[in-house]
Amino acid sequence: PDVAGSVVLPALEGHRPLLLEVQALVVRSSTLHPRRSPQGLDGRRLALLLAVLERRAGIDPGALDVYATVVGGAQATEPAADLPLALAVVSAVVGRPLGSDTVALGEVGLGGELRQVIGTGRRLMEAARLGFRRAVVPASTPDPPDGIELVRAATLVEAVAAVGLLPAGQASRDR
């Protein structure tokens, strides 16, 4: 079901595509130093993505504990997990789900730009085969396989706005 804070990542395990659910939960922190608790994800990448979200998208996780996990105990430490993790955090902050028919993949740079990852075509083909109908991807992504619509975005802010997690006015702010 559609749940805020949940995004599916088409990952690559060797050469085989594997769909993983990335989840984020945010709560008001009861301590002076909010927790950042990743499981199956790179903690440094989580910290980087939270900084990019604050600076580039106006999402301030500063006073929030952030818990992030890959369901089932899997590991998702590749750069393709950046965009799904960032979208999961924003979804959890605003309390709106992304949609159960949507996957996301892409690397996020410090400037908030989205970069393509290795094996995108294979990943999207597997997502379409399993019934996903929409993929949030970097703008430079090649044409998709049949059965899946691409939501292309050049930046993290564009991606967040394109899936309806930020109001258009907030998305247009240049930070």
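Small disclaimer: the values here were computed from a predicted structure and weren't measured.

J.: I'd love a proper account of the confidence of the model for the protein chain, names of residues and values included.
T.: Of the residues in the protein chain, 94% reach a pLDDT of 70 or more, and the chain-wide mean stands at 92. Contacts for the low-pLDDT stretch residues 171–175, under 50 throughout, to residues beyond four places or in other chains number 8 contacts.

J.: Talk me through the environment of Ile148; I want residue IDs and the actual numbers.
T.: Its place among the elements puts Ile148 in the loop between β8 (134–138) and β9 (149–153). Assessed through its relative accessible area of 7%, Ile148 is described here as buried. Taking the C-alpha atoms as reference points, Ile148 and Ala24, 124 residues apart in sequence, are found 25 Å from one another. Excluding its chain neighbours within four sequence positions, the residues that come into contact with Ile148 are Val103, Leu124, Ala127, Ala128, Phe132, Arg133, Arg134 and Ala135.

J.: Explain the nonpolar core to me, and be specific about the residues and the numbers.
T.: Ranked by internal contacts, the top residues of the largest apolar core, which has 56 residues, are Leu9, Leu53, Leu83, Leu85, Leu87, Val136 and Leu156. Residue contributions to this core peak at 8 residues, all from helix α2 (residues 82–94).

J.: Just give me the short version of empty space enclosed by the protein, but keep the residues and values in it.
T.: Enumeration according to the criterion identifies 1 cavity of 30 Å³ or more in this entry. In this model, the largest cavity occupies a volume close to 60 Å³. If you trace the largest cavity, you find it lined by Leu41, Asp42, Arg45, Leu49, Ala76, Thr77, Glu78, Pro79, Ala81, Asp82 and Leu85. Of all elements in the fold, only α1 (43–57) and α2 reach the threshold of two or more residues within the lining of the largest cavity.

J.: Break down the pattern of salt bridges for me, citing the residues and quoting the values.
T.: Within this structure, the stated rule accounts for 7 salt bridges. Linking Arg123 and Glu78 is a salt bridge whose minimum nitrogen-to-oxygen distance equals 2.7 Å. Taken together, the positions of Arg123 in helix α3 (residues 120–129) and Glu78 in the loop between β4 (64–70) and α2 put the pair 45 residues apart, joining distant regions of the chain. A relative accessible area of 2% places Arg123 in the buried class. A salt bridge links Arg115 to Glu107; the shortest N-O distance between them is 3.9 Å.

J.: Tell me about α3, and please be specific about residues and values.
T.: Of the positions making up α3, those classed as buried are Thr120, Arg123, Leu124, Glu126, Ala127 and Ala128. Phi for Gly131, located one or two positions after α3, is positive at around 100°.

J.: Quick one: what's the story with the side chain of Ser6, residue by residue and with numbers?
T.: Residue placement: Ser6 occurs in strand β1 (residues 6–13). You can call Ser6 buried: its relative accessible area is 16%. Not counting chain neighbours up to four residues away, the residues in contact with Ser6 comprise Glu21, Val22, Gln23 and Leu98.

What counts, and at which threshold
- Along each chain, residues carry numbers from 1 onward, in the same order as the chain's sequence is written.
- Side-chain atom pairs in this predicted model are given and counted only at pLDDT of 80 or more, local residue features only at pLDDT of at least 70, and totals for whole chains, interfaces and linings cover all residues.
- Only hydrogens and water are set aside; all other atoms, that is, all heavy atoms of the structure, feed into the side-chain values.
- On a scale of 0 to 100, pLDDT captures the predictor's confidence in every residue.
- Here, residues are in contact when the closest pair of their heavy atoms is within 4.5 Å.
- Starting at the N terminus, helices and strands are each numbered in turn, a helix being any DSSP run of H or I of at least four residues and a strand any DSSP run of E of at least two.
- Residue exposure (1.4 Å probe, protein chains only): buried if accessible area is under 20% of the type maximum, exposed if over 50%, otherwise partly exposed.
- Residues grouped as a nonpolar core are buried Ala, Val, Leu, Ile, Met, Phe, Trp, Tyr and Cys residues, joined through side-chain atoms within 4.5 Å.
- Of the grid points, spaced at 1 Å and generated over the protein atoms alone, those admitting a 1.4 Å probe that cannot get out make up cavities, while open sets with protein on both sides within 12 Å along at least five of seven lines make up pockets; any residue with an atom within 4 Å of a point is treated as lining.
- Grid points are joined across faces, edges and corners, and a volume is the space filled by probe spheres set on the points.
- Whenever a carboxyl oxygen of Asp or Glu lies within 4 Å of a side-chain nitrogen of Lys or Arg, that contact is scored as a salt bridge.

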